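Remarks on the overall topology
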Amino acid sequence: MSNKLIFELSSDGRTGYRFPDLDVPAAPLEESVSTSLLRNSKPELPEVSEVDIIRHYTSLAKRNFGVDAGFYPLGSCTMKYNPKINEDVGGFSGFTSIHPLQSEESVQGYLEMLYETIKSLSEITGMKWGTLQPYAGAHGEFTGMKLFKSYFKKKGDKKRTKILVPTSAHGTNPASARISGFQVEEITADERGLVSIENLKEHLSDEVAGIMLTNPNTLGLFEKDIIEIARLVHEAGGLLYYDGANMNAIMGKVRPGDMGFDVIHLNLHKTMSTPHGGGGPGAGPVFVSDRLIDFLPAPDVGKDGDRYYFDYDKPHTMGRVSGFYGNMAVLVRAYTYIITMGSDGLQKASEYAVLNANYLKEKLKTTYHLYYDTVCMHEFVLSAKKMKEEFGISALDIAKGLLDYGVHPPTIYFPLIVPEAMMIEPTETESKETLDSFVDAMLEIYKTAKENPEILHEAPLNTAVRRVDEVLAAKHPILKWKPE
Amino acid sequence: MFSYLPQTDKDIREMLDVIGVNSIDDLFRDIPAEILQKKELNIAPGLSEYDVYKRMKGLSEKNMQGISFMGCGSYDHIVPSVVGHVLQMPNFYTAYTPYQAEISQGILQSIFEFQTLICELTGMDVSNASLYDDHTAASEAITMAVNARKKADRILVSGTIHPHTRAVIDTFFSDIPVKIEEIATENYLTSLDALKESIDDSVAAVLIQTPNFYGWAEDLTGLADLVHEHKALLIISSNPMSLGVFKSQADWGADIAIGGTQPFGLSTYFGGPSVGYISTGTKLTRKMPGRIVGQTKDVDGKRAFVLTLQAREQHIKRERATSNICSNQALAAMGSGIYLSTIGWKGLQEAASQSFQKAHYLYKRLTEELGLTSQAGNDFFNEFTLLIPNAARVMEDMEAQGIYGGVNLLRFFPDLKDAVTIAVTEKRTKEEMDAYVDLMKRVL
């Protein structure tokens, strides 16, 4: 299969598109504007036919793996099936062709959808209200941290400059706190893999603005002391932030609002089935408790009788976080999923996600090392530490070995607190048969590791390219194509 | 009853047996009883696919579609059919971020091509895989400048940039020791005299948008020298469609080029997704935010692509990362890449110059035949601002006839209540523009 770059397919004089002929009288550009504005340089863009384009991307698609191609148990990423009706709905011209600055009267369908989406997600999370503007999970975290800032500013509390983050947290948490103007302090996990209450108490003070938590945490364990944690943080004058990356474990079972959280972001491209698109666009809407509602980004979405409207009248707002109102194409798909599943379906989705994870965990834990042997939620973490010591086979080797079985590997080397970690999240949309064949693959890989470890060092053998040299890429960066 | 949930009763029984529990509820035993949900969520129960289709179709039909002359950061250009078809290839849209390079070469190569296309257009050396939109790209670019010029803490931002960009910047830097200062404007252009007066060595960056928010083209001749004299970085934000006829950011001497690629193959979609692009010179590569794809080799020596320079990023550097960005706008960036690859440089010049010519045609008719006054009378690309008496009512009357006549700037600036920014793309026909003029004549 050719992997030529589109630039290497270029042939002078070809084109992939014909624009309509110009139908107005035209003067040379330099007669209409100053010549100092006009471009003289010629960019090297490809010149290809429409057939070239389609063949090129079809060939690229064959060199890529998505959920539609097979099992994708990438921990913390919730790679559930992306329903096709969502794509059809996302293509309705009544959604795609709308300009963001049209009058409110002309976008009542959108406003109704936004309002209903906020309402449904507020109910699912147990929060008061929210904003759909943030473009991604990390963007939601940033929004949440700025809500913290606004809250303490209004109270006149200038001392609270620290955010607590568990050592097992997603890397975005400390990064988001930092770019929002906070300092980050890490709190440790105890022998259960849960937040150490003792360590938390040591860190709490009148300088702490709050804590960022994922619950279930990145080990897939429910923080069962959450009520105590919330009490301690609130008593110390701090707030609680919920990283919703793992929300797929708990819909209809328990709500972050009831746990005591003040702000939460959701990853709609995880929990609400919207496609990840090879890295985006996603959506990271944010929901808040009563005490933070006044600070939400403007505009808010409101309803008055049968009419929906944007509400810009928010004197205490934290400000604007995105150019318009968020990634609408993602929000449309998420709302479609919410009404498809409804209260009963969403609850079932979480129940089966947890069932699938526990089943896989039981099947694999006798062969692979499980650090925290207890009931898990929607995901669990295995360790290849012993295999590395005994057979010289690392988590990376196992991941690469799985590629030859047509399976996307788990998240590896995360969370950082487990050596040689493999974080497995099957999601609810996978059948028992799929899980069983994954178990078979994992057991065979273990056998290979024991008997013929060199095979795994060589893996993968059957992919479009084999193991790539990451060091070379970083040492001698080639970040764009150049004509030879 | 749920087509995305394959578990049968028999499966569930067998799985619970393997796990060694009696019921699914037993798996949730770590949740304290006092917060465990006792009743179903208060949202409607699930619907059949066809019922969902009808509900969503109904909602979409409550949005009004018209002939659009609206711009201000979102433009109605022609989208070739191939763009949508490629974006619906499941191995692209159902994939995650390409962590596993061996089975992600399709996405990785498409990003590498996107990075190249952006560099070619802006004239810069390196580009990342994308940011959220042009507005957040401005914050990221300023952060790069602040990190590059550790001792400087002032940022000079032109008063003619998109007010939403300014608002996003203000939110971003509200709690960080960086001072955002506005450069005064003169006749709706950035005042170079005002810039000269306020710039000194404490300035880390100067941010200018051209064409600016009102549509007027900023002539930036000599600006880079002035900015560089004070060791500051020049950030230029541009509608990338304008680069089909106007100078690129590199031509103006910019250090960082930003903007939004929505005009390239992406529908207006009520404002999102767009794609923020950011590109810069080689020496700032390691200060860049977000994903970057690099070319390398596999063990057999075959060309391959991989996420690279990850030591900048949040999953490695945590709180010391250059940015917190993780998910970006990958698929939308691919859409813009497909668009540019399909139409090529000749196609881009065609789309850009037609937008230019048609905008100038409408401008001429509105100012000469209807006697409407231009806000400033400066040079422009495909967007301009006119003063229209009773603008709000006029726009409303036009909308009632199916024409979105422009963006009344009242919504951004209370003192510009009669200013309307009008955008024209190659998609608008002479017939539509003539109808626009006739209609405006009637409702003025």
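Residues numbered from 1 in each chain as written. Chains lettered and ligands numbered in written order. Predicted model: local features only at pLDDT ≥ 70, side-chain atom pairs only at ≥ 80, totals over all residues.

Let's shift gears to the overall build of chain A. Within chain A one finds 17 helices and 13 strands. Over its C-alpha atoms chain A spans a radius of gyration of 25 Å, differing by no more than 12% from the 23 Å that the globule rule assigns to 484 residues. Along the longest, intermediate and shortest principal axes, the C-alpha atoms of chain A span 75 × 65 × 45 Å. Within chain A, the fraction of its 484 residues that count as buried is 59%. When contacts within chain A are restricted to residue pairs at least 6 apart in sequence, those whose partners lie at least 24 apart make up 72%. (Helix = DSSP H or I, 4+ residues; strand = E, 2+ residues; numbered from the N terminus. Rg over C-alpha atoms; globule rule 2.2 N^0.38 Å. Buried ≥ 20, exposed ≤ 12 C-beta atoms within 10 Å, placed from the backbone. Contact = placed C-beta atoms within 7 Å.)

Secondary structure assignment for chain B yields 14 helices and 17 strands. For chain B, the spread of C-alpha atoms along the three principal axes comes to 80 × 55 × 50 Å. For chain B, the residues scored as buried account for 59% of the 444 residues in total. Taking the contacts inside chain B whose residues are at least 6 apart along the sequence as the reference set, 74% of them involve residues at least 24 apart.

Below, the discussion takes up the sheet that holds strand β3 (residues 154–158) of chain B. Residue and element names in this part refer to chain B. Read across the sheet, seven strands follow the order β2-β10-β9-β8-β7-β3-β4 without closing on themselves; strand pairing throughout is mixed. At either margin of the open sheet sits one strand with a lone partner, and together these are β2 (126–127) and β4 (179–183). For strand β7 (residues 203–209) and strand β8 (residues 233–237), the ladder comprises five bridges, and the chain directions are parallel. Residue pairing in the sheet places L207 in a bridge with I235 of β8. (Pairing = 2+ DSSP bridges.)

Further remarks concern the packing of helix α5 (residues 108–125) of chain A against helix α12 (residues 328–364) of chain A. All names here are of chain A. In contact at an axis separation of 10 Å, α5 and α12 are set at 40° when each is read in the N-to-C sense. The angle between the axes of α5 and α12 places the two elements in the oblique class. Viewed along their axes, α5 and α12 form a crossing whose handedness is left-handed. Residue-level inspection shows M113, L114, E116, T117, S120 and I124 of α5 in contact with α12, the latter providing L331, V332, A334, Y335, I338 and L346. (Axes fitted to C-alpha atoms, helices over the stretch in contact; angles between N-to-C directions. Parallel < 35°, antiparallel > 145°, perpendicular 65-115°, else oblique. Left-handed = near helix turned anticlockwise from the far one by under 90°.)

Attention now goes to the nonpolar core. Residues V263 and M422 of chain A together with A141, A205, V206, L207 and I235 of chain B are the most contacted members of the largest nonpolar core, which totals 296 residues. At 21 residues, the largest contribution of residues to this core is made by α12 of chain A. The contact partners of V206 of chain B, leaving out residues within four places of it in the chain, are L156, L195, V227, A232, L234 and I235 of chain B. (Core = buried A, V, L, I, M, F, W, Y, C linked by C-beta atoms within 7 Å.)

With that settled, the discussion passes to the domain arrangement of chain B. Residues and elements named next belong to chain B. By the assigned domains, chain B splits into domain 1 (67–77 + 352–443) and domain 2 (81–339). If you look at the interface, domain 1 gives 21 residues, while domain 2 gives 22 residues. The set of elements that each furnish at least two residues to the side of domain 1 that touches domain 2 consists of α12 (330–369) and β14 (383–387). With four residues, α12 is the single largest residue contributor to the side of domain 1 that touches domain 2. Among the residues forming the side of domain 1 that touches domain 2, the class breakdown is nine nonpolar, nine polar and three charged. (Domains from an automatic or database assignment. Nonpolar A, V, L, I, M, F, W, Y, C, P; charged D, E, K, R; others polar.)

It is worth spelling out the packing of helix α2 (residues 50–62) of chain A against α12 of chain B at this point. The contact between α2 of chain A and α12 of chain B brings their axes to 9 Å, and the two run at 145°. Read as a crossing pair, α2 of chain A and α12 of chain B show a hand that is right-handed. Mapping the contact onto sequence places E50, I53 and Y57 of chain A in α2 of chain A and I338, S341 and T342 of chain B in α12 of chain B. Looking at side-chain class alone, the contact of α2 of chain A with α12 of chain B contains three nonpolar, two polar and one charged residues.

Before going further, it helps to spend a moment on the interface of chain A and chain B. Facing 169 residues of chain A, the contacting portion of chain B comprises 168 residues. Per-element tally for the side of chain A that touches chain B: the top contributor is α12 of chain A, with 22 residues. Residue composition of the side of chain A that touches chain B, grouped by class: 85 nonpolar, 52 polar and 32 charged.

Residues and elements named next belong to chain B. Between its terminal C-alpha atoms α12 stretches only 46 Å, short of the 58 Å expected from 40 residues at 1.5 Å a residue. Taking the largest bend as the criterion, α12 deviates by roughly 100°, centred on G344. Most of α12 is tucked away, with 31 of its 40 residues classed as buried. Following α12 by one or two positions, G371 adopts a phi angle in the positive range, close to 65°. (Expected span 1.5 Å × (residues − 1). Bend = angle between axes of the 7 residues up to and from the residue.)

Glancing now at the pairing of β3 of chain B. Consecutive residues of a regular strand have side chains that alternate between opposite faces of the sheet. Residues and elements named next belong to chain B. Burial within β3 is extensive, with four of its five residues counted as buried. Two elements, β3 and β4, share five bridges in a ladder whose sense is parallel. Counterpart to I155 in the pairing with β4 is I180. Sheet analysis places β3 next to β7, joined by four bridges and oriented parallel. Opposite V157, over in β7, you have L207 as the bridge partner.

Here chain B averages 97 in pLDDT, and 100% of its residues register 70 or above. At the level of chain-chain contacts, confidence expressed as ipTM amounts to 0.97, with global pTM at 0.98. (pLDDT = per-residue confidence, 0-100.)

Turning our attention to the sheet that holds strand β16 (residues 407–408) of chain B. Through backbone hydrogen bonds, the strands of a sheet pair up, either in parallel or in antiparallel fashion. All names here are of chain B. The antiparallel open sheet is built from four strands, whose spatial order is β13-β14-β17-β16. Two strands bound the open sheet, and with one partner strand each, they are β13 (373–374) and β16. Pairing analysis gives five bridges linking β14 to strand β17 (residues 419–423), with the strands arranged antiparallel. Residue L386 lies in a different strand from β17, and its bridge partner there is V420. Relative to β14, α12 is tilted by about 10°, and along the sheet it contacts β13, β14 and β17.

This paragraph deals with helix α7 (residues 172–179) of chain A. Counting buried positions along α7 of chain A yields eight of eight residues, so the element is predominantly enclosed. Here α7 of chain A has its buried residues at T172, N173, P174, A175, S176, A177, R178 and I179 of chain A. Turning to α7 of chain A, the residues buried within the fold contact α6 (137–155), β2 (162–166), β3 (183–187), β4 (208–213) and β5 (239–244) of chain A together with α11 (314–317) of chain B. The positive-phi residue at the C-terminal boundary of α7 of chain A is G181 of chain A, with phi of around 100°.

It is worth spelling out the environment of F261 of chain A at this point. Residue and element names in this part refer to chain A. Tracing the chain through its elements places F261 in the loop between α10 (256–259) and β6 (263–266). Linking F261 and I226, residues 35 residues apart in sequence, is a C-alpha distance of 9.5 Å. With near-sequence residues (within four places) excluded, F261 lies in contact with L240, Y241, Y242 and P256.

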